[in-house]
Amino acid sequence: EGHKALSYGTAGFRAPHFLLKSVCLRMGMMADLRSASLGGVPVGIMVTASHNGIQDNGLKLSDGDGGMLHPAWENYAMQLERANGGEEVVAVLRSIAKEAGIPQFLNSLNAAQPSVIIGRDTRYHSPALSQLAVLGAEALGAAVRDLGIVTTPQLHHVVYSVNRGEVKWSEIADGNSGSASLKGYYAKVEDAFRVLLKGRKCSGPLVVDCAYGVGSPGIAPLVESLSDVLTIQVRNNANEVEDGGSTGNGPQLNSGCGAEFVQKKRLPPANTNVEQDVGVRFASFDGDADRVVYFTFHKEKGFTLLDGDKIAVLTAQFVGEELEACGLADEINMGIVQTAYANGAAHKAVLSKGIQCPFAKTGVKYCHHKAVEYDIGIYYEANGHGTAIFKDEVVDLIRTRMGDGSNWTERQNLAMERLLATAQLYNQAVGDATCDALFVESV
């Protein structure tokens, strides 16, 4: 195969799948170095090309905190990917280890054993590429846990939870999306959603367009467990794609559907019906389920889109009202981070509420870095990728207030419960289509 220099961006490496064999092998080794530089705490590898077509694949690394890879290590990743031949690969590995302050690692002298958690999407070429990343990680002595088919945010969540001590390394099981390692994820999401609903039910169904991607197995356990309060109907299910979509016959991943298609084209997925689906709520995920946009068919207006900008405003208004209701608005600062592509009306709507709304460079990683400067930082790109980040100190403050014996009113208690549930439901590591959609439903 001809060698092609790839760039590591917000989406990691992304290319036609046949160009990624050596990339995946080397990035397994790269994950070892990153974990070793952090004292052996787990880092993550996700094999996916997100909203790209079936011919592409990709790989991105999750850092030790469950977030996106540190910028300095993006450069290391590109150095390693561009190395020509085995000897140069070893030389680059040694150079990275030296710069990262772990030169002894490659000689195994008292080095902490690195640990790597890996997941993949539903593409037919993902299992082989994922296995190459495992081989690369094991070649440098890592302990590896392979989660199998998971959404990108689920992979990030597991890394985040292990490194916060919420899940033990020994509890992570190799397997698929029903594995023991994700039981905590589903329990957390379901519990927070039910708290926000407070005994009520959502009217009518929520139809989820899963883009024939990993979102359908990812949301399946919640379809069942939440059926008494929310009817979730899955369309464009990964199970409907024969032979992984490799033949081009029948449904294909991200083809004519999914968040990218709906938001960019301003069109509904092909298998919806303007007349029959009037008033139905739709949520379109992208291929790896870290983005979501909503849409409905309105009687007069027709196709109506609720994109990431609008979900951000909805989130800020709700959180702002609850902070006011429990008397914490002056103690906790909140901001929405947008990019230059954001809807101008959404920007004005937020400012009119007195909420800070700074701009960040285009790219979700820049939004995330800016959002963590606030006590509660909300960020969304128009494409539906976003989340709301609550600092630990904020969660601790609210819990302390609730338990201090004060004679809070029913509304104050409700507001504090809702804020804690929002922090629990929103994925604290990265954007998560499943969590974001359920938050919109609850509000």
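The rules behind the values
Starting from 1, residues in each chain are numbered consecutively following that chain's sequence as written. Only residues with pLDDT of 70 or above have their local features reported here, since the model is predicted, and side-chain atom pairs are shown and tallied only from 80 upward, although totals for entire chains, interfaces and linings are computed over all residues. Calculation of side-chain values draws on the structure's entire complement of heavy atoms; hydrogens and water are dropped beforehand. Only DSSP runs of H or I reaching four residues or more are called helices, and only runs of E reaching two or more are called strands; each is numbered from the N terminus. Values of the radius of gyration come from C-alpha atoms, whereas the globule rule sets the reference at 2.2 Å times the count of residues to the power 0.38. Summary of the burial criterion: residues with accessible area below 20% of their type's maximum are buried, those above 50% are exposed, and those between are partly exposed, where the area comes from a 1.4 Å probe applied to protein chains only. Every residue pair with non-hydrogen atoms within 4.5 Å of one another is taken to be in contact. What sets the accessible areas is the Shrake-Rupley method with a 1.4 Å probe; for residues, cover comes only from the shown protein chains. Positive charges come from Lys and Arg alone, negative charges from Asp and Glu alone, with His and the N- and C-terminal ends not counted. Charged groups are reduced to one reference atom each: NZ for lysine, CZ for arginine, CG for aspartic acid, CD for glutamic acid. Whether two aromatic rings pair depends on their centres lying within 6.5 Å, for rings of Phe, Tyr and Trp, where Trp uses its six-membered ring; planes under 30 degrees apart make the pair stacked, over 60 edge-to-face, and the rest tilted. Buried Ala, Val, Leu, Ile, Met, Phe, Trp, Tyr and Cys residues that are joined via side-chain atoms within 4.5 Å together make up what is termed a nonpolar core. Take a side-chain nitrogen of Lys or Arg and a carboxyl oxygen of Asp or Glu: if they are within 4 Å of each other, that pair is a salt bridge. One bridge is not enough; two strands pair if DSSP finds at least two bridges between them. Under this scheme, a helix contributes an axis fitted over its contacting stretch, all axes are lines through C-alpha atoms, and angles between N-to-C directions fall in the 0 to 180 degree range.

Draft legend 1. How the structure looks around the overall build of the chain. Looking only at helices and strands, the chain features 14 helices and 13 strands. What you see for the chain is a C-alpha radius of gyration of 22 Å, in line with the 22 Å of a compact globule of 443 residues. If one aligns the C-alpha atoms of the chain with their principal axes, the spans along those axes are about 65 × 55 × 40 Å. Here the chain holds 443 residues, and the buried ones make up 55% of them. Sequence separation of 24 or more characterises 70% of the internal contacts of the chain that already satisfy a separation of 6 or more. Summed over all atoms, the accessible surface of the chain reaches about 17,900 Å², with 50% contributed by carbon and sulfur. Computed over 39 positive and 50 negative side-chain charges, the separation of the two mean positions in the chain equals 3 Å.

Draft legend 2. Main features of the packing of aromatic side chains. Using the criterion set out here, one finds 10 aromatic pairs in the structure. A centroid spacing of 5.2 Å and a plane angle of 80 degrees characterise the contact between Y185 and Y186, whose relative ring orientation is edge-to-face. A network of ring pairs unites the aromatic residues F282, F295, F297 and F303 as a single cluster.

Draft legend 3. Summary view of unusual backbone geometry. The backbone of S50 sits at a positive phi, close to 50 degrees, despite the residue not being glycine. Positionally, S50 belongs in the loop between β2 (43-47) and β3 (56-62).

Draft legend 4. Focus on the nonpolar core. Judged by nonpolar contacts, the single largest core of 72 residues is most densely connected at I117, F193, F285, I376, I378, L425 and L438. Setting aside residues no more than four positions away along its own chain, L425 makes contact with V189, A192, L196, C435, L438 and F439. By size, the runner-up hydrophobic cluster in this structure holds 41 residues, among which are F13, I45, V47 and L93.

Draft legend 5. Quick look at the pattern of salt bridges. A complete count under the given rule lists 19 salt bridges for this structure. The residue K60 makes a salt bridge to D288 at a minimum N-O spacing of 3.4 Å. Residue K60 is found in strand β3, and its partner D288 is found in the loop between β8 (281-285) and β9 (292-298); the two are separated by 228 residues along the sequence. Among the ionic pairs, K188 bridges to E166, the shortest N-O distance being 3.6 Å. Within this pair, whereas K188 is found in helix α6 (residues 183-197), its partner E166 is found in the loop between α5 (152-163) and α6, the two being separated by 22 residues in sequence. Judged by relative accessible area, which is 26%, K188 ranks as partly exposed. Taking the relative accessible area as the measure of exposure, E166 reaches 40% and is therefore partly exposed. Within this structure, R164, E166, K188 and D392 form a network of salt bridges that share partners.

Draft legend 6. Structural context of the pairing of β2. Summarising burial for β2: five of the five residues are buried, a large majority. Going residue by residue along β2, you find V43, I45 and V47 tucked away on one face and G44 and M46 tucked away on the opposite face as well. Inspection of the sheet shows β2 paired to strand β4 (residues 115-120) by five bridges, in the parallel sense. From the neighbouring strand, M46 faces β4, where its bridge partner is G119.

Draft legend 7. Looking closely at the environment of G363. Its location among the elements puts G363 in the loop between α10 (344-352) and α11 (364-371). On the basis of relative accessibility, which here comes to 10%, the residue G363 falls in the buried class. Distance in space between the C-alpha atoms of G363 and A11 is 9.5 Å, their sequence separation being 352 residues.

Draft legend 8. Seen up close, the sheet that holds β3. Spatial ordering of the open sheet is given by β1-β3-β2-β4-β5, a layout of five strands whose pairing is mixed. Each of the sheet's edge strands pairs with one partner strand only, and the pair in question is β1 (13-16) and β5 (143-149). Averaged over all pairs of adjacent strands, the angle between their axes in this sheet comes to 15 degrees, without regard to strand direction. Where β2 lies against β3, four bridges are found, and the strand directions are antiparallel. In the sheet register, V47 faces β3, and the bridge partner there is L59. Packed on one face of the sheet, helix α4 (residues 126-139) meets β2, β3, β4 and β5 and runs near 175 degrees to β4.

Draft legend 9. How the structure looks around the pairing of β9. β9 sits mainly inside the fold: five of its seven residues count as buried. With four bridges connecting them, β8 and β9 associate as antiparallel partners. Residue pairing for β9: A283 is matched across the bridge by Y294. Hairpin connection from β8 to β9: six residues lie between these consecutive antiparallel strands, with A289 at a positive phi of about 65 degrees. Adjacent in sequence and paired antiparallel, β9 and strand β10 (residues 302-306) are bridged by three residues.

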